[in-house]
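In case you want the letters, here they are:
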Amino acid sequence: MGFFDTIFNLINDLTWGWALVPFLVVLGVFFTAASGFVQFRFFKRMFMVLKGDDESSDPTKISAREALFVSVGGRVGGGNIAGVAVAITAGGPGAVFWMWAIALVGMCTSLVEATLAQAYKRTTPEGDYRGGPARAIMHGLGANYRWLAVIYSVCLIASFAIGFNAFQGNTVAGAALDSMSIPRIYTGVALALATGFIVYGGIHRIAKAADIIIPVMAIGYIAMALLIILINITSLPGVLIDIVANAFGFREAVAGGIGAAIAQGLRRGLFSNEAGLGSAPNVAATAYVKHPVSQGITQSFSVFIDTMIICSCTAFVILLGDVYVPGAEGIDGVALTQQSMVDHVGSWAQYYLTAAILLFSFSSIMYNYYLGENALSFLTEKPSAVHILRIAIVGIVFLGAVAPGATAVFNFSDPMMGILAVVNLLALMMLFPIALRLINDFRDQLGAGIKMPIFDPKKFPDLDTDASAWPDAK
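Remember, predicted model here, so these are calculated numbers, not experimental data.

## A look at the layout of surface pockets
Its boundaries defined by the atoms lining it, the second largest pocket holds a volume of some 630 Å³. Around the second largest pocket, the lining comprises 24 residues; the ones closest to its centre are Thr-124, Pro-125, Glu-126, Arg-130 and Ser-377. Mapped by element, the contributors of at least two residues to the lining of the second largest pocket are strand E1 (122-123), strand E2 (129-130), helix H8 (133-141), helix H17 (348-379) and helix H18 (383-402). Residue composition of the lining of the second largest pocket, grouped by class: eight nonpolar, six polar and ten charged.

## Topic: unusual backbone geometry
In this model, Phe-37 sits at a positive phi of 55°, which is unusual for a non-glycine residue. Its place among the elements puts Phe-37 in the loop between helix H2 (20-34) and helix H3 (38-41).

## Observations regarding the side chain of Thr-124
Note on placement: Thr-124 falls in the loop between E1 and E2. Overall, the relative accessible area of 15% leaves Thr-124 in the buried class. Dropping the residues within four chain positions of it, Thr-124 is found in contact with Tyr-129 and Arg-130.

## Some words on empty space enclosed by the protein
Rolled over the atoms, a probe sized like a water molecule indicates the empty space that remains. Summed over all chains, the structure comprises six cavities of 30 Å³ or more. Empty space within the second largest cavity amounts to approximately 70 Å³. Looking at the second largest cavity, the residues that line it are Glu-113, Leu-116, Ala-117, Gly-132, Pro-133, Ala-136, Ile-137, Pro-281, Asn-424, Ala-427, Leu-428 and Leu-431. Elements supplying a minimum of two residues to the lining of the second largest cavity: helix H7 (94-119), H8 and helix H19 (407-447). Across the lining of the second largest cavity, the residue classes tally to nine nonpolar, two polar and one charged.

## Structural notes on the packing of H2 against H7
Across the interface, H2 lies against H7 with an axial gap of 8 Å and an inter-helix angle of 70°. It follows that H2 is roughly perpendicular to H7 by the angle criterion. Counted together, Val-25, Gly-28, Val-29, Phe-31 and Thr-32 of H2 and Ile-102, Val-105, Cys-108, Thr-109 and Val-112 of H7 form the full contact between these two elements. Here the contact of H2 with H7 is composed, by residue class, of seven nonpolar, three polar and no charged.

## Notes on the packing of helix H10 (residues 184-199) against H17
Two elements in contact, H10 and H17, have axes whose closest approach is 10 Å; the angle formed by their N-to-C orientations is 45°. With respect to each other, H10 and H17 are oriented oblique. Note on packing geometry: the crossing formed by H10 with H17 is right-handed. Of the residues in H17, those in contact with Leu-191, Ala-194, Thr-195, Ile-198 and Val-199 of H10 are Leu-358, Phe-362, Ile-365, Met-366 and Tyr-369. When its residues are assigned to classes, the contact of H10 with H17 shows nine nonpolar, one polar and no charged.

## Considering H17
For H17, built from 32 residues, the straight-helix expectation of 46 Å at 1.5 Å per residue is met to within 8% by its first-to-last C-alpha distance of 47 Å. Of all 32 residues making up H17, 25 are buried, and the element is well covered by its neighbours.

## A few points about the pattern of salt bridges
Enumeration according to the criterion identifies five salt bridges in this entry. The salt bridge involving Asp-464 is made with Arg-122; its shortest N-O contact spans 2.9 Å. Residue Asp-464 is located in the segment after H19, and its partner Arg-122 is located in strand E1; the two are separated by 342 residues in the primary sequence. Taking relative accessible area as the criterion, Asp-464 reaches 37% and is therefore assigned partly exposed. Residue classification places Arg-122 among the buried positions, given a relative accessible area of 19%. With a shortest N-O distance of 2.9 Å, Asp-462 and Arg-437 are connected by a salt bridge. Here Asp-462, found in the segment after H19, pairs with Arg-437, found in helix H19; they are 25 residues apart in sequence, far enough to count as distant. Asp-462 sits in the exposed class, given a relative accessible area of 52%. Connected via shared salt-bridge partners are Arg-130, Glu-373 and Arg-390.

## Quick word on the packing of aromatic side chains
Under the definition given, this model contains 16 aromatic pairs. Residues Trp-100 and Phe-316 carry aromatic rings whose centres are separated by 6.4 Å and whose planes lie at 50° to one another, so their mutual orientation is tilted. With a gap of 216 residues between them, Trp-100 in helix H7 and Phe-316 in helix H15 (residues 292-319) connect regions that are remote in the sequence. When the centroid spacing of 6.4 Å and the interplanar angle of 20° are considered together, the rings of Phe-301 and Phe-304 count as stacked. Here Phe-301 pairs with Phe-304, and both are found in helix H15, just three residues apart, close to one helical turn. For Phe-301, a relative accessible area of 4% corresponds to the buried category. Among the aromatic residues, those joined into a cluster by ring pairs are Phe-43, Phe-47, Phe-301 and Phe-304.

## What to know about the side chain of Thr-195
On the secondary structure map, Thr-195 appears in helix H10. In this structure Thr-195 comes out as buried when scored by relative accessible area, which is 1%. Engagement of the side chain of Thr-195 in a polar contact is seen with the backbone oxygen of Leu-191, the distance being 2.7 Å. The contacts of Thr-195, once residues within four sequence positions are left out, are Phe-362, Ile-365, Ile-393, Val-394 and Val-397.

## Observations concerning the confidence of the model for the protein chain
Summarising the model, the protein chain shows a mean pLDDT of 83, and 89% of its residues fall at 70 or more. When mean pLDDT is compared element by element in the protein chain, H8 scores highest at 94, while helix H1 (residues 2-17) scores lowest at 66.

## Regarding the nonpolar core
Formed by 125 residues in total, the largest nonpolar core has its most connected members in Val-112, Leu-116, Ile-206, Tyr-221 and Met-341. Excluding residues that lie within four positions of it along the chain, Tyr-221 makes contacts with Ile-81, Ile-310, Cys-313, Thr-314, Thr-337, Met-341, Tyr-352, Leu-353, Ala-356 and Phe-360. Ile-88, Leu-236, Ala-315 and Leu-320 belong to the second-largest nonpolar core, a separate cluster that totals 20 residues.

About the cut-offs
Residues numbered from 1 in each chain as written. Predicted model: local features only at pLDDT ≥ 70, side-chain atom pairs only at ≥ 80, totals over all residues. Heavy atoms only, no water. 1 Å grid on protein atoms, 1.4 Å probe; cavity = no way out; pocket = protein on both sides within 12 Å on 5 of 7 lines; lining within 4 Å. Points joined across faces, edges and corners; volume = space filled by probe spheres on them. Helix = DSSP H or I, 4+ residues; strand = E, 2+ residues; numbered from the N terminus. Nonpolar A, V, L, I, M, F, W, Y, C, P; charged D, E, K, R; others polar. Buried < 20%, exposed > 50% of the residue type's maximum accessible area, 1.4 Å probe, protein only. Contact = heavy atoms within 4.5 Å. Axes fitted to C-alpha atoms, helices over the stretch in contact; angles between N-to-C directions. Parallel < 35°, antiparallel > 145°, perpendicular 65-115°, else oblique. Left-handed = near helix turned anticlockwise from the far one by under 90°. Expected span 1.5 Å × (residues − 1). Salt bridge = Lys/Arg side-chain N within 4 Å of Asp/Glu carboxyl O. Phe/Tyr/Trp six-rings, centres within 6.5 Å; stacked < 30°, edge-to-face > 60°. Polar contact = N/O pair within 3.5 Å; in protein donor to acceptor, adjacent residues only side chain to side chain. pLDDT = per-residue confidence, 0-100. Core = buried A, V, L, I, M, F, W, Y, C linked by side-chain atoms within 4.5 Å.

So this is what it looks like as structure tokens:
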């Protein structure tokens, strides 16, 4: 175990330690500039997906809205509650500003990777769609890069399906134990049964569940945060000033000053919204849309919801209260958010937050499972492999729930996600010219007065696309 810890720590240092975060930031800024700030130009169109304007009339297809909610459910998890608290504790209020900054840049990265995932998606024998970075690498870069797609797929299973699902189970069980004294074993059994029911229904059941759970989860949490903001509205300007002042080192809230604020804000922001990590495109590719860029815009909106709205809610709950003391040690993570809510509205808030954590984490479990299934389908088409994965996921969620701590999981999953992100970013760099062609095609159609642009594979004969995945082109 000591040997493996050394290897994983080395990988972690080589990726998250110094190279990956700057790489993600620089690439996001480059994509934003090269695409003409596309995430801001298409911002109004992001809200169209909520009305279902780009949905198929075929109820057997995954709609753009359902794909949005599945990806939001995956992005919105423990990181939005515990992760934001950790960022503020370690980086001060200024970390919140840098979380916002990386989200605005990451919106473009997410648009690019989701657009590519849609462009290279494949129709399955059942009539569904599968895609993601692995298939984009295979069909966009060619069979000579299959080894890169295999590395990506293995790391996706290891980090999300295994590592992060264990962590989500641990988060739910810990919150239930702390707030309601429910033993971990009971939470573990209930969570395992619910997980088994959902994952054995495949992507369609996951999408239908997300279409119900995510709006309830998000609206409820935002409503609570808005209530707390209204109660403390006179203190809000001071909090905003603190966020900006700490972000640029005018006020040092914690040891490390501006460096700690930038490091924690960028890292926790990237962990939360996953832009550029190559996870969400796997879900983006399942949706029926008329043009790849349509789903790219939708996934860009997902990043906005995750960080600019949900993470901000947690940040304001903490910073408007008296529980958080800059530079103090002790209370951290979920406990800081939980006690801050109690401080604002009373002891009932801890039960409310436990319910929110349950929904957040369960939606992430569904999302993480599908990422694993999609990656596994690239590695092997044997049906038995999917059944083994489903049984394994149920067991992993249970073990994560009953374990007293999940720190060891991060020693394994973080390095795997680091490799995953590096592979995805390398592919994005090489495939960006194609994404830019698709974005320009979308813009040209809008300029010609077409309200809902349609992708026609015949206009891109050099691309290895699946014509059957684009029935509207006919």
